[in-house]
Amino acid sequence: MSLMSALWTSYSGLQVSQLATDIIANNIANTDNPIYTRQRVDISSRFSLHTSPGDVGTGAQVDQIIRVHDEFVYGRYRDASEKLEYEGLMDKILTEISKFFPDIDEVGIQRDLIAYFDGWQKLSGNPSESAQKIVLAEAAKNLGGGLQDVRKKLTETQKQLDIELVSMVAEINQLASEIAEINYKIRQTEASRYDHANQLRDQRDNLELQLQKISGAQIIKTGLQTMTKTDSNVADYDENYQIMLGGFSIVSDSSFHPITASKADNAAGAQHAVFFQQRDGSTIDISKDITSGKIGAILDLRGRFFNYDTGEPEDGLLQNYKDQLDIFARGVIQSTNQIYAESARSSMTSDKIGDLVGLTAREAKGSPIAQLKDKLNNRVQAGDIVLTAYNMNGSRIQPDIVVTIDPKQMSLSDVADAINAELDARGLDGEARVEGGQLGLVTGTKAGGTELGALLLAEDHTLITSALGMTGVQPLEVVDALEIPFTISNGSFTVGVYNNNGDLIAKREIIIDQKSSNPLYSTLNGIAAQINMPYVDDNRDNDMKNDVDNLVYAQFSGNRFQIDVQDQNGGLFFNIVDNGTGFAGAIGLNKFFDGTGAKNIDLNSTLKADPSRIEAFDLPVVGNNEIANKMQQLQYQNVNFFNLKGEVKSETIMGRYKYVAGVVAEDTSSTKMSLETASAIYSSIGTEFDSISKVNVDEELTNLIRFQAGYSANARVISTIQLMLDTLLSLKL
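All of these numbers come straight from a predicted model, not from anything done at the bench.

The rules we used
Residues numbered from 1 in each chain as written. Predicted model: local features only at pLDDT ≥ 70, side-chain atom pairs only at ≥ 80, totals over all residues. Heavy atoms only, no water. Helix = DSSP H or I, 4+ residues; strand = E, 2+ residues; numbered from the N terminus. Rg over C-alpha atoms; globule rule 2.2 N^0.38 Å. Buried < 20%, exposed > 50% of the residue type's maximum accessible area, 1.4 Å probe, protein only. Areas by Shrake-Rupley, 256 points an atom, 1.4 Å probe, with all protein chains shown as cover. Salt bridge = Lys/Arg side-chain N within 4 Å of Asp/Glu carboxyl O. Pairing = 2+ DSSP bridges. Axes fitted to C-alpha atoms, helices over the stretch in contact; angles between N-to-C directions. Parallel < 35°, antiparallel > 145°, perpendicular 65-115°, else oblique. Left-handed = near helix turned anticlockwise from the far one by under 90°. Contact = heavy atoms within 4.5 Å. Nonpolar A, V, L, I, M, F, W, Y, C, P; charged D, E, K, R; others polar. Core = buried A, V, L, I, M, F, W, Y, C linked by side-chain atoms within 4.5 Å. Polar contact = N/O pair within 3.5 Å; in protein donor to acceptor, adjacent residues only side chain to side chain. Phe/Tyr/Trp six-rings, centres within 6.5 Å; stacked < 30°, edge-to-face > 60°.

The secondary structure content of the chain amounts to 19 helices and 28 strands. The C-alpha radius of gyration computed for the chain amounts to 42 Å, which surpasses the reference 27 Å derived for 733 residues by more than 25%, pointing to a less compact arrangement than a globule. The buried share of the chain, reckoned over its 733 residues, is 49%. Accessible surface for the chain amounts to roughly 33900 Å². Of this, 49% is attributable to carbon and sulfur atoms.

In structure tokens, the structure reads:
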């Protein structure tokens, strides 16, 4: 050992203190830097010299400069930030939405409902007053407009969220690609065990935080190092790195795999879904698996799955509110129209039910059905159709008529000929006809034949009726599910015929049983046949010439159900009184409201153009106000509200609307509570994280004093050694 070795020992102390002071200075300089993690020097003893009587140290050294970063705490901080971002967006949107459903009577749809029923009440007091009809018309239009406006605002919010989703997907790709690039730089910088890319890791931490806030991505780090010798709070410097989103890896160390926002595969033009792009260019929809972060909130609000017919989501809070508004509006429309159908008329025509497939006369007559597959709804297959015949009293004539069809050989006209051949062979007074590219069955066409009350199609094993869009012959439960926006229930309704004095001349009960195998009760053609059935003594007076079938005629033609008084100049009227089926209101016979839901509910276009045509009566006699009375009483009665699955809930109209508004208010309140909880957790974990990783100026100044003292002490040792060397060199030998 020598004075020179002692000099170098103290010099190492100077270097350590100086480097430590540099780190402290950098920490203090970055006090207000939100993405900076405070750093510490890892100090150890230099090698020792083995001497006798023992080892002599050679000073100190800085092994590494580390970040004071606890990845486990930071992971919890990212999770808390992600949850706060999710709840924050949910609260923001739901607070806006709740303003569409004010809980006071003076504004919004509640006010419109009150004004609407007040309009009917005032009209009942003076049923012929045109001014009251105009007031009622305005109230009805305001109610429909209010519902349309709220639903439109919900749709606009969904679209705005969709735009934001697309923007966020682009931001996720940008953040993920930057992280992958930083990972590459980190691996290069940290090739040596003690080299740490602290600044790069700070940048990556910030990108991770932003990425997790947006997407709720799962950040996986393995091989973390702990450094309790330097600081017990250090758990950092991973070996393996991965970011998972929706179950797929978008970052794997320095590799980046993009996601895309594309329109859902939907002919109606749905909004965007999130897709993972695989190496072969194919994509996988991962929307259903993103449930947190800002995108998770967007998808929970807007919806993830789309209806292939409407292009609207099938889930999501906002869509649920729209669906609830539609359920409410449908209940209002159907119940109102059902009552209005009791207002006697000489003619009633329904809304269009289904879509016709019209074949030209040449196609119907000259082309085998199989060759027309591109024009039909579906492929017609070989098989049988079964016809059921009824006598004048409505009883079935046995056996049923079976006609075999070969679509490769037979045209539509050939099918009609085959049916007619069977009818002729049985002497039945009926005929199959092809008109307007459709196959129709009529009775009373042959003199001297067995009289028929009705001829209906009971079974179709060939699918020809669905191929041609023949809605009238298809099972009503299928038509109700696919073609009618309202729900028809089993039960009955009464067709009543009156003279111009309001006297009842005849009435007939019509049965609906949608699951019946008898088409008389389970098809639209069958319902028309019940109305038209001859030899049914409605008045029980043994006179078969003064019954409903003698006075009105019903038909399903051009995909519309129509009932007309046979003698339009005879001063007769008819109405429909329902006994639980909702039939007239469902198909739109003599309707007061147009529309199928909150999207398009409005006063009937005819009444809108001329409010004076609004009628308050059920029978056309002076002073009659029965319809107006029933309409104003409707607000106090339970109405059937059918959801999209056909499930029914019975409650008042105002009660149902308050339920809808209550759902929104409850969701908003629940979200606010969740936001408060998320904020508290975020604040708590944030405080813990800051105490570990953020710069504490007081602590840094304390360390500065400590290293300053060390520097001074080492400098004093060097000064002393210098004096000793001077003394030694001044000696004369």
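On to the pattern of salt bridges. One pass over the structure, following the stated rule, counts 44 salt bridges. For the salt bridge of glutamate 700 with arginine 40, the shortest nitrogen-to-oxygen distance reads 3.1 Å. Here arginine 40 lies in strand S1 (residues 39-45) and glutamate 700 lies in helix H19 (residues 697-730), a separation of 660 residues in the sequence. Residues glutamate 700 and arginine 40 agree in their burial class; the two are buried. Each of Arg67, Glu71, Arg78, Glu190, Arg201, Asp202, Arg204, Asp205, Glu208, Lys221 and Asp236 takes part in salt bridges that share partners, so that together they form one network.

With that settled, the discussion passes to the pairing of strand S23 (residues 560-565). As judged from the 3 bridges shared by strand S14 (residues 347-349) and S23, these two strands associate in the antiparallel manner. Residue pairing across strands places threonine 349 opposite glutamine 562, the latter belonging to S23. The pairing of strand S22 (residues 552-557) with S23 spans 6 bridges and is classified as antiparallel. Residue pairing across strands places glutamine 555 opposite glutamine 562, the latter belonging to S23. What sits between the antiparallel neighbours S22 and S23 is a turn of 2 residues, in which glycine 558 has the positive phi angle 60°.

Another aspect to go through is the sheet that holds strand S8 (residues 240-245). Reading across from one edge, S5-S8-S9-S10 is the order of the 4 strands in this open sheet, with antiparallel pairing throughout. Taken across any chain shown, the strands that pair with only one partner, and hence form the sheet edges, are strand S5 (218-222) and strand S10 (255-256). The pairing of S8 with strand S9 (residues 248-252) spans 4 bridges and is classified as antiparallel. By the bridge assignment for S9, leucine 245 is matched with phenylalanine 248.

So, about the packing of helix H2 (residues 71-98) against helix H7 (residues 317-340). Interaxial distance between H2 and H7 falls to 12 Å at its minimum, and their mutual angle equals 20°. When the interaxial angle is binned, H2 and H7 end up roughly parallel. Once H2 is placed against H7, the crossing between them reads as right-handed. From H2, Met90, Ile93, Leu94 and Ile97 reach across to H7, where they touch Leu317, Leu318 and Tyr321. Of the residues that constitute the contact of H2 with H7, the class distribution is 7 nonpolar, no polar and no charged.

Counting 119 residues, the largest nonpolar core has Phe101, Tyr116, Trp120, Phe561, Phe583 and Phe592 as its most contacted members. Aside from chain neighbours lying at most four places away, what touches phenylalanine 101 is Val150, Leu154, Leu325, Tyr657, Val660, Ala661 and Val664. Of all hydrophobic cores here, the second largest spans 30 residues; its members include Val357, Leu359, Leu412 and Ile419.

This paragraph deals with the side chain of arginine 656. Checked against the element boundaries, arginine 656 lands in helix H18 (residues 653-693). The exposure class assigned to arginine 656 is buried, which follows from its relative accessible area of 5%. Here glutamine 324 takes part through its side chain, which lies 2.7 Å from a polar atom of the side chain of arginine 656.

In this fold, serine 81 is placed in helix H2. The exposure class assigned to serine 81 is buried, which follows from its relative accessible area of 2%. Not counting chain neighbours up to four residues away, the residues in contact with serine 81 comprise Leu209, Lys213 and Tyr682.

Here the focus is the sheet that holds strand S20 (residues 491-498). If you trace the 3 strands from one edge of the open sheet to the other, you get S21-S20-S24, paired in antiparallel fashion. Strand pairing shows two members of the sheet lacking a second neighbour, strand S21 (504-512) and strand S24 (573-579), which therefore form its edges. Strand after strand, the sheet turns through a mean of 20° between neighbouring axes, direction not considered. With 8 bridges joining them, S20 and S21 adopt antiparallel strand pairing. Bridge pairing links serine 492 to isoleucine 511 in S21. On top of the sheet, helix H13 (residues 524-532) reaches S20 and S21; it is set at about 150° to S21, its chief contact.

Quick look at the packing of aromatic side chains now. The final tally for this structure, using the stated rule, is 16 aromatic pairs. Ring centres 5.2 Å apart and planes at 85° place the aromatic pair phenylalanine 592 and phenylalanine 593 in the edge-to-face group. Judged by its relative accessible area of 0%, phenylalanine 592 is buried. Using a relative accessible area of 1% as the deciding quantity, one classes phenylalanine 593 as buried.

By themselves, these observations are geometric and do not establish any function.
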